[in-house]
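# Secondary and tertiary structure notes
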Protein chains: 2
Amino acid sequence: MKACVLYSGGKDSSLIGVTLQRLGFDVELCTVNFGVYDSFIPASLSAKALGFTHKVIQLDFSILDKACNMIIEDGFPNGGIKFLHENVVEEVAGKFDIVADGTRRDDRTPKLNKNQIRSLEDRKDVQYINLDSFGFKTIKMITSNLFEVSHERSNKDNNSDYEVEIRTLIDDKGGDSSGIFPEHYQTRVIGYK
Amino acid sequence: MKACVLYSGGKDSSLIGVTLQRLGFDVELCTVNFGVYDSFIPASLSAKALGFTHKVIQLDFSILDKACNMIIEDGFPNGGIKFLHENVVEEVAGKFDIVADGTRRDDRTPKLNKNQIRSLEDRKDVQYINLDSFGFKTIKMITSNLFEVSHERSNKDNNSDYEVEIRTLIDDKGGDSSGIFPEHYQTRVIGYK
């Protein structure tokens, strides 16, 4: 049971990785990259700290480019990030039999709804898994029991969220990513408790 | 992290029990009973075979009674079973901080939808967990790797589904449960692989 878990180094994607491993899956933590910035390094360190194999999956620049154009036009990130995540899942579903991500029951975006999941599984002959079993409070409780985390002001080099390459490309295009993405704190898993 | 898992001895409720245990929860497998028939015995054997604590939770007969009246009136079981499960979760949520069941992403009934889950968690100050993370194929794959099962024609003494007490009470009321519940085969977990 080999499974690709889309991985950012955060608590949610770490939890789905650990859950599947403990249920008997052969888990590969996978971080996608669009060739704009080596944003996968923090995720690779988290994966190593948890004892997992980590893989970088290079995807086509055009997906990130289109997402960034949407975000610049919208003036806010939700639509572009949703587009990006849906395309990432589609692409990765073409490469693995089982694909998982750390989206949660209470998440709004980016997140596949039930119809999108059914369509994905049918079209791509893939099994898709996420964290829909759990609510926000439960995930907070489980992850704080399982993981040591670092808690830092977010920057380009301490997280592997989509945001890092999106911000880089928006700024490269002459946009102002800091006006679109508010400053925030970033939690990264750095080991087991 | 003590969690009550509503438990029938089947593969789905066994899977959620094992999942939570492997994530660090102190799991009690709980089977509800309405005083009509000792239908909890097969579940207690499955729980023992998996090394879990098993608990029988006695609930008010009136819940089962109302469900059976609905089923007799409808001529089919879905509405009554949905009513029963929703009431069981409500009752058990008043007794535990964390309640889980084995309902799956692809299940239709009995199953709490997202709004019901939010309402339950808020009203009862409880955390609710199910198998929504996984689709049918994935659960089949995981459980067939994890569990030894028995596979028998369903009868009153080889399973602990709601159906057993429902059928008993419908027949006690002079109804014909065999006309409402089609004969089927029953899978019960009898140990780990």
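Residues numbered from 1 in each chain as written. Chains lettered and ligands numbered in written order. Predicted model: local features only at pLDDT ≥ 70, side-chain atom pairs only at ≥ 80, totals over all residues. Heavy atoms only, no water.

## A word on the nonpolar core
A:Leu20, A:Phe25, B:Leu20 and B:Phe25 are the most contacted members of the largest nonpolar core, which totals 51 residues. Excluding residues that lie within four positions of it along the chain, A:Phe25 makes contacts with A:Met1, A:Ala3, A:Leu20, A:Ile98, A:Ile129, B:Thr138, B:Met141 and B:Ile142. In this structure, A:Val32, A:Ile57, A:Ile63 and A:Leu64 belong to the second largest nonpolar core, which totals 32 residues. (Core = buried A, V, L, I, M, F, W, Y, C linked by side-chain atoms within 4.5 Å. Buried < 20%, exposed > 50% of the residue type's maximum accessible area, 1.4 Å probe, protein only. Contact = heavy atoms within 4.5 Å.)

## Concerning the packing of helix α3 (residues 61–74) of chain B against helix α4 (residues 78–93) of chain B
Residues and elements named next belong to chain B. Contact pair α3 / α4: the axes reach a minimum separation of 7 Å and the direction vectors enclose 165°. Put simply, α3 runs roughly antiparallel to α4. Two packed elements cross with a definite hand, and for α3 against α4 that hand is right-handed. Of the residues in α4, those touching α3 at Ile63, Leu64, Lys66, Ala67, Met70, Ile71 and Asp74 are Gly79, Gly80, Ile81, Phe83, Leu84, Asn87 and Glu91. Classifying every residue of the contact of α3 with α4 by side-chain character gives eight nonpolar, three polar and three charged. (Axes fitted to C-alpha atoms, helices over the stretch in contact; angles between N-to-C directions. Helix = DSSP H or I, 4+ residues; strand = E, 2+ residues; numbered from the N terminus. Parallel < 35°, antiparallel > 145°, perpendicular 65-115°, else oblique. Left-handed = near helix turned anticlockwise from the far one by under 90°. Nonpolar A, V, L, I, M, F, W, Y, C, P; charged D, E, K, R; others polar.)

## A short note on the pattern of salt bridges
All told, the structure shown has 28 salt bridges over all chains when counted by the stated rule. B:Glu183 is paired through a salt bridge with B:Arg153; the nearest N and O atoms lie 2.7 Å apart. Taken together, the residues B:Glu183 in the loop between α8 (177–180) and β7 (185–192) and B:Arg153 in strand β6 (residues 147–153) connect sequence positions 30 residues apart. Among the charged side chains, a salt-bridge network with shared partners connects A:Lys2, A:Glu28 and A:Lys55. (Salt bridge = Lys/Arg side-chain N within 4 Å of Asp/Glu carboxyl O.)

## Section: the interface of chain A and chain B
Taken together, the contacts link 30 residues of chain A with 30 residues of chain B. Of all residues in chain A, the largest losses of buried area upon contact with chain B belong to A:Leu23, A:Arg105 and A:Ser133, amounting jointly to 25% of the total for that side. Our count for the chain A to chain B interface comes out at four salt bridges. A salt bridge links A:Glu121 to B:Arg105, with the shortest nitrogen-to-oxygen separation between them at 2.7 Å. Between chain A and chain B we count 15 residue pairs in polar contact (both at pLDDT 80 or more) in total. Breaking the side of chain A that touches chain B down by element, the ones donating at least two residues are α1 (11–22), α5 (114–124), β5 (127–131) and α6 (136–146) of chain A. A per-element tally of the side of chain A that touches chain B places α6(A) first, with six residues. Each residue belonging to the side of chain A that touches chain B can be placed in one class, and the counts come to 14 nonpolar, six polar and 10 charged. (Buried area = accessible area lost by both parts, 1.4 Å probe. Polar contact = N/O pair within 3.5 Å; in protein donor to acceptor, adjacent residues only side chain to side chain.)

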